[in-house]
Amino acid sequence: MAESTVRLADLCDFIGVQVDPASRGDGVYVGLEHVASGRFTRIGEGKASDVQSAKYVFQAGDVLYGKLRPYLDKAVLAPASGICTTELLVLRPKEGVDPRFLVGVVHAPCFLEHAVAGTTGVQHPRTSWNHIRDFELPAFKPDEQTTIASILWEVHDAIMANEGTIEAGANLKRAAMRALFTKGLRGEAQKETEIGPVPESWDVVSIGSVATNTQYGLSVRGQTSGAYPILRMNCQEDGKVHYRNLQFVDLDNVTFGSFRLQPGDLLFNRTNSIELVGRMAMVEDARDAVFASYLVRVSLDDARCLPAYLNYFMNWPKTQDDIKRLASRAVGQANINASKLRTVLFPLPTLDEQREIAAALDAIDRKIDLHRRKRAVLDDLFRALLHKLMTGEIRVADLDLPALAARSKAEVAA
């Protein structure tokens, strides 16, 4: 462990200089929306001319720390000068303190715990400079600060590169969906239909015409243990069913048989906020699971329509926008019942072309999933290093730095 400790106030000063945004022209403005949780660099910026009321001034090398809801872990290193919301504290490194090290300090899990412990307010919990300034950490020499910063930024940059690849994959998938569901794979001429242009040989049909069953789920309360897992809305993501944060139910054999999921079933989220209503996911591994009442099970005649094909079409952003317009709305809640779901129209090519379209999109999904798994590995490494380096549990002299750098680069390149 380090022989002595320092406080955050020994490493930086809080700079509370405020200005009128009107005096900054089209200069850079940074709000909380431009700061992602757990990241060292911002994800966007605004213009000073677009905001009002007094803002803090910052300069290159300052750390902008989010005091509102500090559990969100928002803090970035400023690459250039600008103004920011007063919900971001401007922390200026003292002479001899590496700015890249300082931003690592305020992302460390031990610092996060300290900041959260000092929050006030129920609706909008905030921490303060008067509280965080007293956070203690080992006293690292300047050269060790720089080495720690270099290690952390190496892994951080690998994470950001991975996120860039994931975003590129998502953009590719959206473009592929638009092409595949309007032009197909055969180079056919198109025809205009009630859902837009589709290849001439394709039909446009309703979900009800190809469904053998549309069934509401069980209206029962889940519990922490029981005979059968019950899938809920949180088990849907990106068109796939995930077995996580599960609840369970005990059922008699007849009820279980009626609601037991089968591979190829589609689960449609019929009620929730307008952002979440209309999502669909395909069951691949049924695991003797049943499903909750706010989901609708759609079973298809797979001699006419492949579940994977319809699942991809339903999760196409254009389709999601169209579906949400079908929803009836109450305060904070939207609903699409099974009858409305059965009226949804979609383009229907031959089974062979359906299979090829689903396979093409599945290949993109597999690439995206691979990089998401890599990001998860890098995130775990990043958090572990933040904790162990900032607490002095491990020292930079004990790390195999070339091996660590090679690992980070390999995760991105693979």
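Residues numbered from 1 in each chain as written. Predicted model: local features only at pLDDT ≥ 70, side-chain atom pairs only at ≥ 80, totals over all residues. Heavy atoms only, no water.

Quick notes on the overall build of the chain
Stage number 1. When its secondary structure is counted, the chain shows twelve helices and 27 strands.
Stage number 2. Dimensions of the chain, computed from C-alpha atoms along their principal axes, come out at roughly 70 × 55 × 45 Å.
Stage number 3. Sorting the 414 residues of the chain into buried and exposed places 48% on the buried side.
Stage number 4. In the chain, once contacts between residues fewer than 6 apart in sequence are set aside, the share between residues at least 24 apart is 75%.
Stage number 5. If you sum the accessible surface of the chain, you get close to 19,500 Å²; carbon and sulfur atoms cover 50% of it.
Stage number 6. Taken together, the 49 basic and 52 acidic charged side chains of the chain have centroids lying 3 Å from each other. (Helix = DSSP H or I, 4+ residues; strand = E, 2+ residues; numbered from the N terminus. Buried < 20%, exposed > 50% of the residue type's maximum accessible area, 1.4 Å probe, protein only. Contact = heavy atoms within 4.5 Å. Areas by Shrake-Rupley, 256 points an atom, 1.4 Å probe, with all protein chains shown as cover. Lys, Arg positive; Asp, Glu negative; His and termini not counted. Charge placed at Lys NZ, Arg CZ, Asp CG, Glu CD.)

Points about the sheet that holds strand β10 (residues 88–93)
Stage number 1. Judged by pairing direction, the sheet is antiparallel, and its four strands sit side by side in the order β2-β10-β7-β8 without closing on themselves. At either end of the open sheet lies a strand with only one pairing partner, and these are β2 (12–14) and β8 (75–77). Here the average twist between neighbouring strands, direction ignored, is 25 degrees.
Stage number 2. Of the strand pairs in this sheet, strand β7 (residues 63–66) and β10 are connected by four bridges, and their pairing is antiparallel. Counted as the bridge partner of Val63 is Leu91 from β10. (Pairing = 2+ DSSP bridges. Axes fitted to C-alpha atoms, helices over the stretch in contact; angles between N-to-C directions.)

Some details on the environment of Gln320
Stage number 1. Tracing the backbone through its elements, the reader meets Gln320 in helix α9 (residues 317–324).
Stage number 2. Residues Gln320 and Ala338, spaced 18 residues apart in sequence, show a C-alpha to C-alpha distance of 16 Å.
Stage number 3. Only 2.9 Å separates the side chain of Gln320 from the backbone oxygen of Gly278, close enough to count as a polar contact. (Polar contact = N/O pair within 3.5 Å; in protein donor to acceptor, adjacent residues only side chain to side chain.)

Section: a nonpolar patch on the surface
Stage number 1. Together, Tyr71, Leu72 and Val116 make up an exposed nonpolar region whose accessible area comes to about 250 Å².
Stage number 2. In this structure, Val116 sits in helix α3 (residues 109–117). (Patch = residues over 30% accessible without salt bridge, like charges linked within 9 Å, V, L, I, M, F, W, Y side chains within 5 Å. Salt bridge = Lys/Arg side-chain N within 4 Å of Asp/Glu carboxyl O.)

Thoughts on the pattern of salt bridges
Side chains carrying opposite charge are able to pair once their charged atoms draw close together.
Stage number 1. Tallied over the entire structure, the rule returns 22 salt bridges.
Stage number 2. Between Glu163 and Arg39 there is a salt bridge; the shortest N-O distance is 2.7 Å. A residue pair is termed long-range when its members are at least 10 positions apart, and Glu163 in helix α5 (residues 142–183) and Arg39 in the loop between β4 (28–30) and β5 (46–47) qualify at 124 residues.
Stage number 3. Arg287 is the partner of Asp285 in a salt bridge, and the nearest nitrogen-oxygen pair spans 2.8 Å.

Some points on the sheet that holds strand β21 (residues 271–272)
Stage number 1. Strands sit in the order β21-β26-β25 across an open sheet of three strands; the sheet is antiparallel. One side of each edge strand has no neighbouring strand; the edge strands of this open sheet are β21 and β25 (328–330).
Stage number 2. Two strands pair when backbone bridges link them, and β25 and strand β26 (residues 333–335) are joined in this way by three bridges, in the antiparallel orientation. The residue bridging Ala330 from the neighbouring strand is Gln333, located in β26.

Describing α9
Stage number 1. Among the residues of α9, Thr319, Gln320, Ile323 and Lys324 are the ones counted as buried. Along the axis of α9, the buried residues cluster in a sector spanning 135 degrees; they form a single face.
Stage number 2. At its buried positions, α9 is contacted by β20 (266–269), α8 (307–315) and β25. (Arc of directions from axis to C-beta.)

Here we look at the side chain of Thr391
Stage number 1. Looking at the secondary structure, you find Thr391 in the loop between α11 (351–390) and α12 (401–413).
Stage number 2. On the basis of relative accessible area, Thr391 is assigned to the buried category, the value being 18%.
Stage number 3. A distance of 3.5 Å separates the side chain of Thr391 from the backbone oxygen of Lys388, its partner in a polar contact.

Some points on α11
Stage number 1. The end-to-end C-alpha distance of α11, which contains 40 residues, comes to 57 Å, matching closely the 58 Å that a straight helix rising 1.5 Å per residue would cover.
Stage number 2. One or two residues past the end of α11 sits Gly392, with phi positive at roughly 80 degrees. (Expected span 1.5 Å × (residues − 1).)

Topic: the packing of α8 against α11
Stage number 1. Viewed as axis vectors pointing N to C, α8 and α11 meet at an angle of 60 degrees, and their least axial separation amounts to 8 Å. By the angle between their axes, α8 is oblique relative to α11. The two elements α8 and α11 cross, and the hand of that crossing is left-handed. On α11, the residues touching Ala308, Tyr309 and Tyr312 of α8 are Gln354, Ile357, Ala358, Leu361, Asp362 and Asp365.
Stage number 2. Residues of the contact of α8 with α11, tallied by class, amount to six nonpolar, one polar and two charged. (Parallel < 35°, antiparallel > 145°, perpendicular 65-115°, else oblique. Left-handed = near helix turned anticlockwise from the far one by under 90°. Nonpolar A, V, L, I, M, F, W, Y, C, P; charged D, E, K, R; others polar.)

Some remarks on the packing of aromatic side chains
Stage number 1. Scanning the model with the defined rule gives 14 aromatic pairs in all.
Stage number 2. An angle of 55 degrees between the planes, with centres 6.0 Å apart, marks the rings of Phe259 and Phe291 as tilted. You can see Phe259 sitting in helix α7 (residues 253–259) and its partner Phe291 sitting in strand β23 (residues 290–291), a full 32 residues away along the chain. Each member of the pair, Phe259 together with Phe291, is buried.
Stage number 3. By way of ring pairs, the aromatic residues Phe181, Tyr309, Phe313, Trp316 and Phe346 are connected into one cluster.
Stage number 4. Across from the ring centre of Tyr243, 4.2 Å away, lies the NZ or CZ of Arg287, which sits over that ring. (Phe/Tyr/Trp six-rings, centres within 6.5 Å; stacked < 30°, edge-to-face > 60°. Lys NZ or Arg CZ within 6 Å of the ring centre and 35° of its normal.)

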